[in-house]
Amino acid sequence: MQHALTLARHGADVGEVPVGAVLVVGEAVIASGWNCPISQHDPTAHAEIVALRAAANKLQNYRLTGATLYVTLEPCLMCAGAMQQARVARVIYGAPDVRWGARGQLPSGNHQVEYVGGLLAEASTALLREFFAARR
């Protein structure tokens, strides 16, 4: 999660909403990403999607069975759906997202992702608050 926070800070430094994601299989970091919809002109370029795309490309498989995704903010519905489709085993997130967070909002299907929230939540929340306070 520390690495995800570093990536989120990088995103903030380049003007993106500070969210970072790191995808791990076993003990190995497979892929990572930060929010970049503004710079990429892509509304789907959330940190989680960037990491999922990079991991699938690296592993040459769209199924990421057994993977754990660490992300600084609770995933939105789009990202949660992509993780379910990719068969990610577990998501560990920092800050809850009471407005857009999708935990528990997906219909049950063939695969359910385990969600664990609160890891470094204070640091993740502080980073987001500082970012938005500077813009108001």
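Just above, that's the structure.
Residues numbered from 1 in each chain as written. Predicted model: local features only at pLDDT ≥ 70, side-chain atom pairs only at ≥ 80, totals over all residues. Heavy atoms only, no water.

Caption draft 1: Examining the side chain of glutamate 16 more closely. You can see glutamate 16 is positioned in the loop between α1 (2–13) and β1 (20–25). In this structure, glutamate 16 is buried with no salt-bridge partner, the nearest side chain bearing the opposite charge being arginine 135 at 9.1 Å. At 2.7 Å, the side chain of glutamate 16 and the backbone nitrogen of serine 39 are in polar contact. Non-local contacts of glutamate 16, meaning those with residues more than four positions away in its chain, are made with Gly11, Asn35, Cys36, Pro37, Ile38, Ser39 and Phe131. (Helix = DSSP H or I, 4+ residues; strand = E, 2+ residues; numbered from the N terminus. Buried < 20%, exposed > 50% of the residue type's maximum accessible area, 1.4 Å probe, protein only. Lys, Arg positive; Asp, Glu negative; His and termini not counted. Salt bridge = Lys/Arg side-chain N within 4 Å of Asp/Glu carboxyl O. Polar contact = N/O pair within 3.5 Å; in protein donor to acceptor, adjacent residues only side chain to side chain. Contact = heavy atoms within 4.5 Å.)

Caption draft 2: Quick peek at the packing of aromatic side chains. Inspection of the entire model under this criterion finds one aromatic pair. Summarising the aromatic geometry, the rings of phenylalanine 131 and phenylalanine 132 are spaced 5.1 Å apart at their centres and angled 85° between planes, so their arrangement reads as edge-to-face. Over the aromatic face of phenylalanine 131 sits the side chain of arginine 135, whose NZ or CZ is 3.7 Å from the ring centroid. (Phe/Tyr/Trp six-rings, centres within 6.5 Å; stacked < 30°, edge-to-face > 60°. Lys NZ or Arg CZ within 6 Å of the ring centre and 35° of its normal.)

Caption draft 3: Spotlight on the pairing of strand β2 (residues 28–34). Where β1 and β2 come together, six bridges link them in antiparallel fashion. Paired with alanine 21 across the strands is glycine 33, a residue of β2. Adjacent in sequence and paired antiparallel, β1 and β2 are bridged by two residues, among which glycine 26 carries a positive phi angle near 65°. (Pairing = 2+ DSSP bridges.)

Honestly, that's just the spatial picture; any functional story needs more than this.
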